[in-house]
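Survey of secondary and tertiary structure
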Protein chains: 2
Amino acid sequence: MDFINHLTSNNIKPSLQRIKIFEYLYDNREHPTVDTIYSDLVGDIPTLSKTTVYNTLKLFIDNNITSTVTIEDNEVRYDAIMEEHAHFKCEKCGNVQDVEIDVSALKFKEKNSFKVEKTNIYLKGKCNKCLNKIN
Amino acid sequence: MDFINHLTSNNIKPSLQRIKIFEYLYDNREHPTVDTIYSDLVGDIPTLSKTTVYNTLKLFIDNNITSTVTIEDNEVRYDAIMEEHAHFKCEKCGNVQDVEIDVSALKFKEKNSFKVEKTNIYLKGKCNKCLNKIN
DNA sequence: TCTAAATTTGTAATCATTACAATTTTATAA
DNA sequence: TTATAAAATTGTAATGATTACAAATTTAGA
Ligand SMILES: [Mn+2]
Ligand SMILES: [Mn+2]
Ligand SMILES: [Zn+2]
Ligand SMILES: [Zn+2]
């Protein structure tokens, strides 16, 4: 993945902060929060500001190279994978993982029609790891 | 719908505030926010406190007679209809409507299995009304 | 009626996010 | 290269939703 080219081709000037934040998001697929992103990167970029993380993620979202995952109503997570997929959160361990899904199979029998442009599917339950624990 | 009985049979003592808030939520299907609920009910119950609205909704959720609708990451909406259904938000007019959906049709081909206990499906786009406007 | 428990209320605290102005960095032209 | 303007980053203050908490009110039972 050529991050600089990816940013540039999406009209985003590739500053150090932007490259690092996008790289982090792309490599860490567990859908981190702003705080996690900031904490994990501030060692690398000591001058990093949390405001920059917020600004940068907003910029990414406006340019469609990042999306939010709001599977909980009290935390916003971020995702750099833009291919359509669902999300599963384990309510035991808290992990949020990607789920391949065929969204086109979603046929809703609606009387009043509307045009769907975005679909978000959020699943919750227990993950394989937690199911196999004996406690 | 017998609201008092519904609350009682779900282990919730039917105080005036609880009855009115649940009744409001059940009758107004547009998935109101705390502020909307409070504003619309304070005329009816002049002593109503916003804290009571928060407390009561939390109580409803804990007892599974209400759920949250977090189709936007910056506002929490509430819903008293507990039958499984999806939600559609029109990005023109902001309306959030219910969508009948066959959740069982959702087959995800996952390598790592997990046990799904709750499913939330959020759709966004343009509603019928807004599509038919000439502007 | 009296008393304790439950509920409601108002205010203060918390915490995530945004606004904004100052500083720093980058790009451009002389 | 140097000067200047634009863009990006930063730190701090403001905002706003939610929660904590203690006081007041209401309800239920003896
Ligand atoms: Mn994802
Ligand atoms: Mn609904
Ligand atoms: Zn788990
Ligand atoms: Zn509309």
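All right, on to the sheet that holds strand S4 (residues 96-99) of chain A then. In any sheet, the strands associate via hydrogen bonds between backbone groups, in a parallel or an antiparallel arrangement. Read from one edge to the other, the open sheet built from 6 strands follows the order S4(A)-S3(A)-S5(A)-S5(B)-S3(B)-S4(B), with strand pairing classed as mixed. Since the sheet does not close on itself, it has two edges, and those belong to S4 of chain A together with strand S4 (96-99) of chain B, each with one partner. Direction aside, the axes of adjacent strands within the sheet are offset by 25° on average. Summarising the sheet, strand S3 (residues 86-90) of chain A and S4 of chain A pair through 4 bridges and their orientation is antiparallel. Looking at S4 of chain A, one finds that Lys89 of chain A is bridged to Val96 of chain A.

Right, let's talk about helix H2 (residues 16-27) of chain B for a bit. Residues spaced three or four apart along an α-helix point in a common direction, a consequence of the helix completing one turn every 3.6 residues. Residues and elements named next belong to chain B. Compared with the 16 Å implied by 1.5 Å per residue over 12 residues, the 16 Å span of H2 between its first and last C-alpha is a close match. Those residues of H2 lying buried are Ile19, Ile21, Phe22, Tyr24 and Leu25. Those residues of H2 that are buried are in contact with helix H1 (3-8), helix H3 (34-41), helix H4 (50-62) and strand S2 (75-79).

Next up on the list: the protein's contact with DNA strand D. In the vicinity of DNA strand D there are 13 residues, among which Ser15, Gln17, Thr47 and Thr52 of chain A together with Tyr54 of chain B approach most closely. Backbone sugar and phosphate groups make up 78% of those atoms of DNA strand D lying within 4 Å of the protein. One of the side-chain nitrogen or oxygen atoms of Ser15 of chain A is found 2.3 Å away from a phosphate oxygen of DNA strand D. Here a phosphate oxygen of DNA strand D and a side-chain polar atom of Thr52 of chain A are 2.7 Å apart. Looking at the surface near DNA strand D, the elements that each hand over two or more residues are helix H2 (16-27) and helix H4 (50-62) of chain A together with H4 of chain B.

As a matter of local geometry, DNA strand C sits amid 13 residues, with Tyr54 of chain A together with Ser15, Gln17, Thr47 and Thr52 of chain B nearest to it. Per the 4 Å cut-off to the protein, sugar and phosphate atoms form 78% of the nearby atoms of DNA strand C. Thr47 of chain B places a polar side-chain atom, nitrogen or oxygen, 2.7 Å from a phosphate oxygen of DNA strand C. Contacts to DNA strand C include Thr51 of chain B, whose side-chain N or O atom sits 3.3 Å from a base oxygen. For the surface near DNA strand C, the secondary-structure elements that each account for two or more residues are H4 of chain A together with H2 and H4 of chain B. Tallying contributions element by element places H4 of chain B first for the surface near DNA strand C, with 3 residues.

Parameters at a glance
- Within each chain, residue numbers correspond to sequence positions counted from 1 in written order.
- Chain letters and ligand numbers both follow the written order, the letters beginning at A and the numbers at 1.
- Confidence filtering applies because this is a predicted model: local features only for residues at pLDDT of at least 70, side-chain atom pairs given and counted only at 80 or more, and all residues used for totals across whole chains, interfaces and linings.
- Computation of side-chain values: all heavy atoms of the structure, hydrogens and water removed.
- At least two DSSP bridges between two strands are required for those strands to pair.
- Helix numbering and strand numbering both begin at the N terminus, where a helix is a DSSP run of H or I of at least 4 residues and a strand a DSSP run of E of at least 2.
- The axes used here are C-alpha line fits, helices contributing only the stretch in contact, and every angle between their N-to-C directions lies in the interval 0 to 180 degrees.
- The length a helix should cover is 1.5 Å for every residue beyond the first.
- Partly exposed describes any residue whose relative accessible area lies between the buried limit of under 20% and the exposed limit of over 50%, with all areas from a 1.4 Å probe on protein chains only and scaled to the type maximum.
- Whether two residues are in contact is decided by their heavy atoms: any pair within 4.5 Å suffices.
- For this description, a residue counts as near a given molecule or strand if any of its non-hydrogen atoms is within 4 Å of it.
- Distance and chemistry together define a polar contact, namely a pair of N or O atoms within 3.5 Å, with one atom able to donate a hydrogen and the other to accept it when in protein, and with adjacent residues in sequence counting only for side-chain atoms on both sides.

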